[in-house]
Amino acid sequence: MLDFLHADLEKRKTLGLTRQRRLLDSPQAEHITANGQRFLSFCSNDYLGLANDPALVAALQHAAAEAGVGSGASNLITGHHRYHDQLEHALAALVRQPAALLFSTGYMANIGVISALMGRDDAVFSDKLNHACLNDGAFLSRATHHRFAHNDVDALEKLLQASNARHKLITADAVFSMDGDIAPLAAYLALCERYDAYLYVDDAHGFGVLGPQGRGTLQHLGLKSPRLIMMGTLGKAAGVAGAFVAGEQVVIDYLIQHANSYIYTTPAPPPLSAALLASVHEIEHGDARRQQLFAMIGLLKSELSLTRWHLLPSETAIQPLVVGDNFEALALSQYLQARGILVPAIRPPTVPVNTARLRISLSATHSEQDVRALIAALQAAERDIPAGEKA
Ligand SMILES: *Cc1c(COP(=O)(O)O)cnc(C)c1O
C-alpha cells in the first residue's frame, strides 16, 4: 500500500495538483502572518471580520471561565449545555425558521441530515457543483443519487419527473463555494411543490452575508415553505466554528433521533456557543459590515480590467478569476504571493478540469486600498506572466 501512496503523490506533483498547507501565525484577518511572512490575504471565508472580533473573544473567555472548556459527553447523554440551547433558539429566530439544531461542523451537518432523511427507496438530486460533503451525505444515505448540470432547472425537472422514489430531496449550495453564484432556489421550490420533493439548502456562504440583517439566502430570496430545510455554517461569516440545520420542528425532532453525526459525537465546547451568541448579535446588527463588504465587491468588479483572465459573474463575496490551466493558475497565485498578496489557486477536482482559478474572497475588513493593491497586482501579472507559463 505504501508504494501505491508514493506513486499517487508523485503523480499529483507532475500534474500540478499537490495541495499544500501554510502555517498561520496570526489571527484570521485581512493581513496575516503565514510561513513567517506578512501578507494581504484574500483567502478566508471570514466575510464579516468576526473571526477576531473583540466581542466574540470576550464572550468565549467569559464562558470558558464559567462553563469550562469541554462538553464532556454527547448531546443525548449530558453534553447539551444551556449555551448550545440558547444558540439554537437564537439561530432559528435569526433565519426565521421554526427550529434549529447545532452540529459540530458543516460537513457533519450535511452527511448527518441527508443520511438521516434519505434511505434506499429514496432519491437525492444534486447540482454537479455542490460541495463535496453534500455528495458524501447522499452516498452515505444509500439513496439513488442523481446529479444535474449546474443550475439547470429543466434537467432537474426531467429527473424528478422520471423518478418513482418514495421521498425526493433536492440539494444545492445556495451560494456556490468556488463560483460565487446563487442557485435558482425559487424554481427548485416550485419543482418541490409539483413533484412532492423537499429542498435542502446549504447556505455556508450566504448566511450572515445575504438577506436583511444577514438572515441568509432564503430570506434574501423571500422563500418560505415547510418543504425547505437549510444548513448554515458558523465558521465562515459567523467567525467561529460549527453549523446548524433549521426547518420544521418535526424535521429537527427527527434529526435528534436519527442523525448519526449529531448523536454519536461530542458537541463543540459550550464557550464556542457563547461566542456564537455574540456573533448572532453582530450579524443582526451588522449592516455597516455588510455595506463595507458589498462596497469592496463592487470596487473589484468595476475596476478590475483584464483580457486573458475573467471574473465569473458573481454578486457575492466569492469572486473567482478563471485562468484555466493548472500551472498558469499556480503561477499567478505565486506571482501575487511574491508581492505580498495571498489568493488561493483552486484546481481540479475541487473545480472542473480546465477551469483552474484564483478564488478571491472579500471581507468587510478589506479597505479600498487593499482591493486596489490586488487589482494593480493582477493587472501587472497579466503583462508579466506569459500565456502557458509553468510554475
Ligand atoms: C465550508 C462548507 C461546508 C463545510 O462546512 P464546515 O463547517 O467548514 O465543515 C459545507 N458546505 C459548503 C458549501 C461549504 O462551503
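Every chain is numbered independently, its residues counted from 1 as its sequence is written. Only residues with pLDDT of 70 or above have their local features reported here, since the model is predicted, and side-chain atom pairs are shown and tallied only from 80 upward, although totals for entire chains, interfaces and linings are computed over all residues. Here the side-chain values reflect all heavy atoms present in the structure, with hydrogen atoms and water set aside.

Asks: Is there a simple way to think about the site of the ligand in this case?
Replies: The cutoff for a nearby residue is simple: one of its non-hydrogen atoms must lie within 4 Å of the molecule or strand. In the region of the ligand, 13 residues are neighbours, and Gly106, Tyr107, Asp202, His205 and Lys236 sit closest. Counting of polar contacts relies on pairs of N or O atoms within 3.5 Å, with two restrictions inside protein: one atom must be capable of donating a hydrogen and the other of accepting it, and residues adjacent in sequence are counted only when both atoms are side-chain atoms. Contact between the ligand and glycine 106: an oxygen atom at 2.7 Å from a main-chain N or O atom of the residue. At 3.0 Å from an oxygen atom of the ligand is found a main-chain nitrogen or oxygen belonging to tyrosine 107. For the accessible areas, the method is Shrake-Rupley and the probe is 1.4 Å, while residue cover comes only from the protein chains on display. Isolated, the ligand exposes 380 Å² of accessible area, and the fraction of that covered by the protein chains is 83%. Per-class residue counts for the shell around the ligand are three nonpolar, seven polar and three charged. Charged means Asp, Glu, Lys or Arg here, nonpolar means Ala, Val, Leu, Ile, Met, Phe, Trp, Tyr, Cys or Pro, and polar covers whatever is left, Gly included.

Asks: Would you explain helix H10 (residues 249–258) in this entry?
Replies: Working note: α-helix, 3.6 residues per turn, so residues spaced by three or four point in the same direction. Three or more residues of H10 are buried, namely Val251, Ile252 and Leu255. Around the axis of H10, the buried residues are gathered within 95° of arc, so they sit on the same side. Away from its buried face by more than 90 degrees, H10 exposes Val250 and Gln257. The contact definition used throughout considers only heavy atoms, calling two residues in contact when any of these lie within 4.5 Å. Note on conventions: DSSP H or I runs of at least 4 residues are helices, E runs of at least 2 residues are strands, and numbering of each starts at the N terminus. Contact partners of the buried residues in H10: strand S3 (99–103), helix H5 (106–117), strand S8 (228–233) and strand S9 (243–247). For each residue, the accessible area found with a 1.4 Å probe, counting protein chains only, is set against the maximum for its type, and the residue is called buried under 20%, exposed over 50%, and partly exposed in between. What the arc covers is the set of directions going from the helix axis to the C-beta atoms.

Asks: Would you take a moment to explain the UniProt feature "domain: Aminotransferase class I/classII large" (unreviewed entry) in the protein for this structure?
Replies: UniProt positions are given in the numbering used here, feature names are shortened, and annotations may be inferred rather than shown by experiment. As annotated in UniProt, the feature "domain: Aminotransferase class I/classII large" (unreviewed entry) corresponds to residues 40–378 in the numbering used here. Its end C-alpha atoms 14 Å apart, residues 40–378 is made of 44% helix and 17% strand.

Asks: What am I meant to see in empty space enclosed by the protein here?
Replies: Which parts of space are left empty comes out when a probe the size of a water molecule is rolled across the atoms. Put simply, the grid is 1 Å and covers the protein atoms alone, a cavity is a trapped set of points that fit a 1.4 Å probe, a pocket is an open set with protein on both sides within 12 Å along at least five of seven lines, and lining residues have an atom within 4 Å of a point. Grid points are joined across faces, edges and corners, and a volume is the space filled by probe spheres set on the points. For the structure shown, the criterion picks out two cavities of 30 Å³ or more. Estimated volume of the largest cavity: approximately 140 Å³. In terms of lining, the largest cavity is formed by 18 residues, of which the most central are His84, Leu102, Phe103, Ser104 and Ala268. Taken as a whole, the second largest cavity holds about 70 Å³ of empty space. Taken together, Gln28, Ala29, Glu30, Ser41, Phe42, Cys43, Ser44, Asp46, Ser361, Ser363, Thr365 and His366 make up the full set of residues lining the second largest cavity. Looking at the lining of the second largest cavity residue by residue, the classes come out as three nonpolar, seven polar and two charged.

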